[in-house]
Amino acid sequence: MSQMTNPGRLIIISGPSGSGKSTVVQRLLAECQLPLELSVSATTRSPRPGEVDGKDYHFLSHESFTQKREAGEFLEAKEVFGLGTWYGTLRSVVSAGLNQGKWVILEIDVQGALVVLRDQPQAITIFVHPGSMEELENRLRKRGTESPEAIQRRLDVADQEMALKGHYTHEIINQEINNTVHQLCTLLTQYHGETIPCSKN
Ligand code: 5GP
């Protein structure tokens, strides 16, 4: 009922691992005057230092993740780095946000985004990247949270993702964080007032 008068919107933000998009999204949530909400994904990877279960991700065992996948609880789910690590968007999380009129942000990889877009073509899509592969490699090495093999894998995936950025309506180069957050908030605010409703799942 209220969902008809106050429809939510779906926003998909992708970008190579190390592009800084998580930080951008956190700043956006804190600073942008729109009813934004982050869809907390599920993953089978272990938490990094400082990451909190239920806030950064729902950290699940492989067993539990598989169970939910087989029960159709994911809007999309993917083994992102081909090393047995699964990530997925929970339908329940997205529809709860949309039903409350929230602008639900999915921070997901390109393949996942393409799956969601088939279902929700009216989603606002934004690709965030650091400008060049060299810059990306520097950032990943500086972060120091992955092994050299994992970094190489992420760089290979990043290469493939960069090749698909044409599927996104907007592209933002994250060079200076304040500028990126401002640009994104301005961009999203321009969608305010449009009446295209998001379909629920
Ligand atoms: P990280 O392990 O660095 O947090 O995330 C690795 C990658 O997984 C990122 O590119 C991120 O966008 C992607 N990712 C995070 N959550 C999801 C999800 O729910 N679905 C998909 N397909 N990718 C996700």
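Each chain carries its own residue numbering, running from 1 in the written order of its sequence. In keeping with the model being predicted, local features are shown solely for residues with a pLDDT of at least 70 and side-chain atom pairs are shown and tallied solely at 80 or more, while totals for entire chains, interfaces and linings include all residues. In computing side-chain properties, one takes all heavy atoms of the structure into account and sets aside hydrogens as well as water.

### What to know about the overall build of the protein
Short version of the rule: Helix numbers and strand numbers start at the N terminus; a helix is a DSSP run of H or I with at least 4 residues, a strand a run of E with at least 2. We compute the radius of gyration from the C-alpha atoms alone; for a globule the expected value is 2.2 Å times N to the 0.38, where N is the number of residues. Burial classification: accessible surface area is computed with a 1.4 Å probe over protein chains only, and a residue below 20% of its type maximum counts as buried, one above 50% as exposed, and the rest as partly exposed. Pairs of residues are marked as contacts when any of their non-hydrogen atoms sit within 4.5 Å. Each accessible area is a Shrake-Rupley result for a 1.4 Å probe, and residues are judged covered by the shown protein chains and nothing else.
Across its full length, the protein holds eight helices and nine strands. Over its C-alpha atoms the protein spans a radius of gyration of 16 Å, differing by no more than 12% from the 17 Å that the globule rule assigns to 201 residues. With the C-alpha coordinates of the protein rotated into their principal frame, the extents come out at 50 × 40 × 30 Å. Sorting the 201 residues of the protein into buried and exposed places 45% on the buried side. The long-range share in the protein, meaning contacts at least 24 apart out of those at least 6 apart in sequence, stands at 69%. Element-wise, carbon and sulfur atoms account for 50% of the exposed surface of the protein, whose accessible area totals about 10,100 Å².

### A few points about the pairing of strand 8 (residues 124-129)
This is how it is decided: Whether two strands pair depends on DSSP finding at least two bridges between them.
Within strand 8, six of the six residues are buried, which leaves it mostly tucked inside the rest of the structure. Here strand 8 runs beside strand 9 (residues 170-173); their pairing, made up of four bridges, is parallel. Note that in strand 9 the partner of His129 across the bridge is Ile173.

### Overview of the site of the ligand
Just so we agree on the cut-off: We define proximity as follows: a residue is near a molecule or strand when any one of its heavy atoms falls within 4 Å of that partner. For this analysis, a polar contact is any N or O atom pair within 3.5 Å, provided that within protein one partner can donate a hydrogen and the other can accept it, and provided that sequence-adjacent residues contribute only side-chain to side-chain pairs. In this count, Pro and Cys sit with the nonpolar residues alongside Ala, Val, Leu, Ile, Met, Phe, Trp and Tyr, while Asp, Glu, Lys and Arg are called charged and the others, Gly among them, polar.
By nearness alone, 19 residues border the ligand, and Ser41, Tyr57, Glu76, Tyr87 and Asp109 come closest of all. Between the ligand and Arg45 there is a distance of 2.7 Å, counted from an oxygen atom to a side-chain nitrogen or oxygen. Within the side chain of Arg154, a nitrogen or oxygen atom sits 3.0 Å from an oxygen atom of the ligand. Summarising the interface, the protein chains cover 95% of the accessible area of the ligand, which totals 510 Å² for the free molecule. Only strand 5 (74-79) and strand 6 (86-90) provide two or more residues apiece to the shell around the ligand. For the shell around the ligand, the element with the most residues is strand 6, which contributes three residues. Looking at side-chain class alone, the shell around the ligand contains five nonpolar, six polar and eight charged residues.

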